[in-house]
Amino acid sequence: TYAGLALFHLPVLMCGAVLLIYASARGGANLHARTFGNVLGAPNTWFETEPSGRTLSRFASDTDVVDFEWANQVDAWCTMGSMFVMLVLAISFLVPIVIPINTFAITGLAYTLQIINIANRDLKRIANAAVSPSVTSVGEAEAGQSVLRAHEGSDEFYVKKQRKNMDAALAA
């Protein structure tokens, strides 16, 4: 029985890896196109109220996650998940009395993972909000070099603004 489950596990992993490669490429391309289209189609008032640094920071981090980390994370989750399922099935088959304990443990695990996911999303939102003033300042300084020259070439104007943004970011 255990050998049969182990032999079944290998083709599941191979099929999962092939499907993951296809899904990652297609999903990333679709997500980037839709997201970029939605941002370009946003009303002008959104661009006026939303700091450009926040938008750039979110785009950069989300693109990185989709392109590089998502496939690796899904692959790891599929591998560990299938190993976990096969192990639970083997234990439940060999020792049927532990089925209620396994059910309770799996329910607790799912609840804990859901809480961790919510916390991670909140932390990412807070980090993006903290970084956006600095990214916005850099973009504005690049676009506003004429303003810096109008202040007689003094970098004091930019340095004061950047210190204020960094203090606010570090305090958050």
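In this report, we go over the structure that sits alongside the text. This structure is a prediction, so every number in the text was calculated from the model and none was measured. Chains are numbered independently. Their residues run from 1 in the order of the written sequence. Confidence filtering applies because this is a predicted model: local features only for residues at pLDDT of at least 70, side-chain atom pairs given and counted only at 80 or more, and all residues used for totals across whole chains, interfaces and linings. Values reported for side chains reflect all heavy atoms of the structure, with hydrogen atoms and water molecules removed beforehand.

**Examining the overall build of the protein chain**
Link 1 in the chain: For helices the rule is a DSSP run of H or I covering at least 4 residues; for strands it is a run of E covering at least 2, with both sets numbered from the N terminus onward. Summing up its helical and strand segments, the protein chain has 6 helices and 0 strands in all.
Link 2 in the chain: Secondary structure elements of the protein chain, listed N to C terminal, follow the sequence α-α-α-α-α-α.
Link 3 in the chain: Counting only residues that meet the buried cut, the protein chain has 17% of its 172 residues in that class.
Link 4 in the chain: On the protein chain, roughly 12800 Å² of surface is accessible, and the fraction owed to carbon and sulfur atoms is 69%. Summary of the burial criterion: residues with accessible area below 20% of their type's maximum are buried, those above 50% are exposed, and those between are partly exposed, where the area comes from a 1.4 Å probe applied to protein chains only. Where accessible areas are quoted, they stem from the Shrake-Rupley method and a 1.4 Å probe; at the residue level, only the protein chains shown are allowed to cover.

**Digging into the side chain of N102**
Link 1 in the chain: By the secondary structure assignment, N102 is in helix α4 (residues 99–143).
Link 2 in the chain: Here, two residues are considered to be in contact whenever any of their heavy atoms come within 4.5 Å of each other. Leaving out residues up to four positions away in the same chain, N102 has contacts with V88, I91 and S92.

**Brief notes about a nonpolar patch on the surface**
Link 1 in the chain: Among the surface-exposed residues, W77, F84, V85, L89, I106, L109, L113 and I116 lie close enough to one another that they form a single nonpolar patch of about 710 Å² accessible area.
Link 2 in the chain: Relative to the elements of secondary structure, L109 occurs in helix α4.
Link 3 in the chain: Residue class for L109 comes out partly exposed when judged on its relative accessible area of 40%. The patch calculation keeps residues exceeding 30% relative accessible area without a salt bridge and links them within 9 Å when they carry like charges or within 5 Å when they are nonpolar (Val, Leu, Ile, Met, Phe, Trp, Tyr). Any carboxyl oxygen of Asp or Glu within 4 Å of a side-chain nitrogen of Lys or Arg constitutes a salt bridge here.

**Side note on helix α3 (residues 52–94)**
Link 1 in the chain: One less than the number of residues in a helix, times 1.5 Å, gives the span that helix is expected to have. Between its first and last C-alpha, α3 extends 59 Å over 43 residues, near the 63 Å set by a 1.5 Å rise per residue.
Link 2 in the chain: Bend angle per residue: angle between axes fitted to the 7 residues ending at that residue and the 7 residues starting there. Its maximal kink placed at E69, α3 deviates by approximately 55 degrees.
Link 3 in the chain: Within α3, burial applies to G53, T55, S57, V66, S82, M86, V88, A90 and S92.

**Some words on the environment of L10**
Link 1 in the chain: Within the element layout of this structure, L10 appears in helix α1 (residues 2–40).
Link 2 in the chain: What makes L10 exposed here is its relative accessible area of 53%.
Link 3 in the chain: Along the backbone, L10 and S82 are 72 residues apart, and their C-alpha atoms lie at a distance of 9.8 Å.

**Quick look at the side chain of S92**
Link 1 in the chain: As for its position among the elements, S92 is in helix α3.
Link 2 in the chain: Excluding residues that lie within four positions of it along the chain, S92 makes contacts with V98, I99 and N102.

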